[in-house]
Amino acid sequence: MPVARPEQQQPRVIAHVDMDCFYVQVEQRRNPALRGQPTAVVQYNDWKGGGLIAVSYEARGFGVKRSMRGDEAKRVCPGINLVQVPVARDKADLNLYRSAGSEVVAILASKGKCERASIDEVYLDLTDAAKEMLLQAPPDSPEEIFMEAAKSNILGLPSDASEKEKNVRAWLCRSDADYQDKLLACGAIIVAQLRVRVLEETQFTCSAGIAHNKMLAKLVSGMHKPAQQTVVPSSSVQDFLASLPVKKMKQLGGKLGSSLQDDLGVETIGDLLSFTKEKLQEQYGVNTGTWLWKIARGISGEEVEDRLLPKSHGCGKTFPGPKALKNSTSVKGWLDQLCDELSERIQSDLNQNKRIAQTLTLHARASKENERDLAKKFPSKSCPLRYGTGKIQEDAMKLFESGLQDFLESQNTGWIITSLSVTASKIFDIPSGTSSILRYIKGHSPAASPAIPDSSSVPEDPSLGDVP
DNA sequence: CATTATGACGCT
DNA sequence: AGCGTCAT
């Protein structure tokens with residue numbers, strides 16, 4: 001459940017940057033013939049043409065949607081180009097998009113605190129940079145506002161007018177603005193510059209929201225897409241939230257949002273204002289109740305974390321329908337493939353970023369062969385992570401066997417596996433100092449805690465770059 | 001048994 | 001540690 005963070009006092013300048021149909025853009029850069037064409041990226045294509053995971057704006061114009069099947073997309077948009085996600089080890093391989101995302105992050109991290117929120121989204125805290133601009137080079141004439149910034153959308157400014165760009169230029173350098181708005185205007189200019197740099201250096205367009213907190217920045221980053229940005233002045237917040245459907249708010253797209261609608265009759269964020277903090281806390285607990293009360297007022301103290309890299313690495317695959325795995329041999333084969341990819345990814349993380357993962361977790365979905373036991377879930381299992389492909393494969397298989405025992409509860413029924421995944425987590429930076437490395441090895445050596453009780457494994461030499 | 005593959009995070 | 005929710 002969402003939790004309210006203590007709110008900041010000083011005004012901050014926060015941006016949320018969101019790449020436009022990112023996987024499509026990555027494929028369009030690889031094959032420029034796809035530019036400006038209705039295009040989608042699909043995962044696999046043997047069953048109903050594959051599943052769409054990204055759709056270009058041209059294709060969206062035909063009604064093509066994410067999660068449609070390739071066949072369906074072809075029906076509504078016969079001219080659509082369907083590009084397949086690369087396949088490696090018989091599974092979808094997203095590394096191409098991960099590295100493209102890293103290119104973008106490297107640029108966006110140059111002007112302030114930057115948080116990688118997903119493969120194609122970041123949050124920026126531009127407070128310091130905005131203050132700096134206000135002191136050193138405040139925008140003061142409409143003519144000097146460069147084009148990308150002048151194309152901003154400012155919430156609360158009349159957007160229909162033919163005068164729009166003029167109004168925006170005027171707003172961005174308004175001398176009678178309060179301090180908050182001036183900071184926001186500087187933030188908008190900085191973000192426009194960053195977006196131009198991203199385009200120049202990667203060929204990717206993105207959209208952005210600029211506001212005083214993460215919640216508001218995220219809410220509007222997608223409001224004007226593609227390749228545009230939207231600013232949320234404080235004065236526009238209440239009206240904006242008043243009519244915002246609850247389901248549009250981050251964290252309210254699921255069961256909590258449904259409960260607000262069904263149990264409290266709340267349809268918009270504005271409707272939340274009629275409930276006291278105590279009433280919301282009584283209904284949803286102190287944490288969630290307080291959070292709801294605050295977001296209704298546009299308050300969100302969540303900070304931008306200084307983090308450019310993911311906190312975990314996972315590899316998984318589903319085995320739907322007749323593809324379900326029915327014996328340990330096929331599970332072993334797939335687990336080996338997943339672990340091979342995972343091993344490669346954590347080894348790269350170690351080599352490139354000097355980070356080490358400490359926990360290996362196995363997840364699976366299973367059913368008992370023809371039984372009615374739908375509720376029973378396959379338990380997830382974890383153990384200390386030992387580097388080396390063979391060791392990861394070995395440990396993952398042991399985790400699977402352990403989970404399977406719990407799942408079957410010593411019954412002798414058949415089983416099928418419909419999904420498998422392995423995840424490496426609890427990733428830490430390796431201390432750089434020589435003596436700290438020694439300290440690090442002493443305290444964290446896997447030898448101190450065997451991966452699996454009674455493991456009879458033989459030491460092996462990882463083929464691809466071990467710890468130096 | 002067909003919205004995949006991946007991630008973050010809160011609760012217990 | 002393991003489970004559930006949410007997002008895209």
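Above: the structure in question.
Here's what I pulled together on the structure shown here. This is a predicted model, so every value here is computed, not measured.

Here we look at the sheet that holds strand E1 (residues 14-19)
- Spatial strand order, E7-E8-E1-E10-E11-E9: six strands in an open sheet with mixed pairing. In this open sheet, the two strands that pair with only one neighbour each are strand E7 (113-118) and strand E9 (153-154).
- On the sheet, helix H4 (residues 95-108) packs against E1, E7 and strand E8 (121-125) and is oriented at approximately 10 degrees with respect to E8.
- Along the sheet, helix H9 (residues 214-221) makes contact with E1, E7, E8, strand E10 (206-211) and strand E11 (229-231), crossing E10 at roughly 145 degrees.

Notes on the nonpolar core
- Membership of the largest hydrophobic core comes to 53 residues, with the highest contact counts inside it found for Tyr23, Val41, Leu108, Leu124, Leu172 and Phe204.
- Counting residues per element, this core draws most heavily on helix H8 (residues 179-202), at eleven residues.
- Non-local contacts of Leu124, meaning those with residues more than four positions away in its chain, are made with Val13, Ile14, Ala15, Val17, Leu108, Lys113, Cys114, Leu194 and Val304.
- Counting 36 residues, the second largest nonpolar core, distinct from the first, contains Phe319, Leu360, Ala364 and Leu420.

Examining the protein's contact with DNA strand C
- Surrounding DNA strand C, one finds 18 residues, the nearest of these being Gln251, Lys255, Ser380, Ser382 and Lys426.
- When atoms of DNA strand C within 4 Å of the protein are split into backbone and base, the sugar-phosphate part holds 90%.
- One of the side-chain nitrogen or oxygen atoms of Lys255 is found 2.8 Å away from a phosphate oxygen of DNA strand C.
- Ser382 has a polar backbone atom sitting 2.9 Å from a phosphate oxygen of DNA strand C.

Re the pairing of E10
- Burial within E10 is extensive, with six of its six residues counted as buried.
- Side chains Cys206, Ala208 and Ile210 project from E10 onto one buried face, and the interleaved Ser207, Gly209 and Ala211 project onto a second face that is buried too.
- Here E1 runs beside E10; their pairing, made up of six bridges, is antiparallel. Counted as the bridge partner of Val17 is Ala208 from E10.
- Across three bridges, the pairing between E10 and E11 is parallel. From the neighbouring strand, Ala208 faces E11, where its bridge partner is Gln229.
- Taken together, E10, H9 and E11 constitute a β-α-β crossover, and its handedness is left-handed.

Definitions and cut-offs
- Residues numbered from 1 in each chain as written.
- Chains lettered and ligands numbered in written order.
- Predicted model: local features only at pLDDT ≥ 70, side-chain atom pairs only at ≥ 80, totals over all residues.
- Heavy atoms only, no water.
- Pairing = 2+ DSSP bridges.
- Helix = DSSP H or I, 4+ residues; strand = E, 2+ residues; numbered from the N terminus.
- Contact = heavy atoms within 4.5 Å.
- Axes fitted to C-alpha atoms, helices over the stretch in contact; angles between N-to-C directions.
- Core = buried A, V, L, I, M, F, W, Y, C linked by side-chain atoms within 4.5 Å.
- Buried < 20%, exposed > 50% of the residue type's maximum accessible area, 1.4 Å probe, protein only.
- Near = heavy atom within 4 Å.
- Polar contact = N/O pair within 3.5 Å; in protein donor to acceptor, adjacent residues only side chain to side chain.
- Right-handed = clockwise from strand over helix to strand, strands pointing away.

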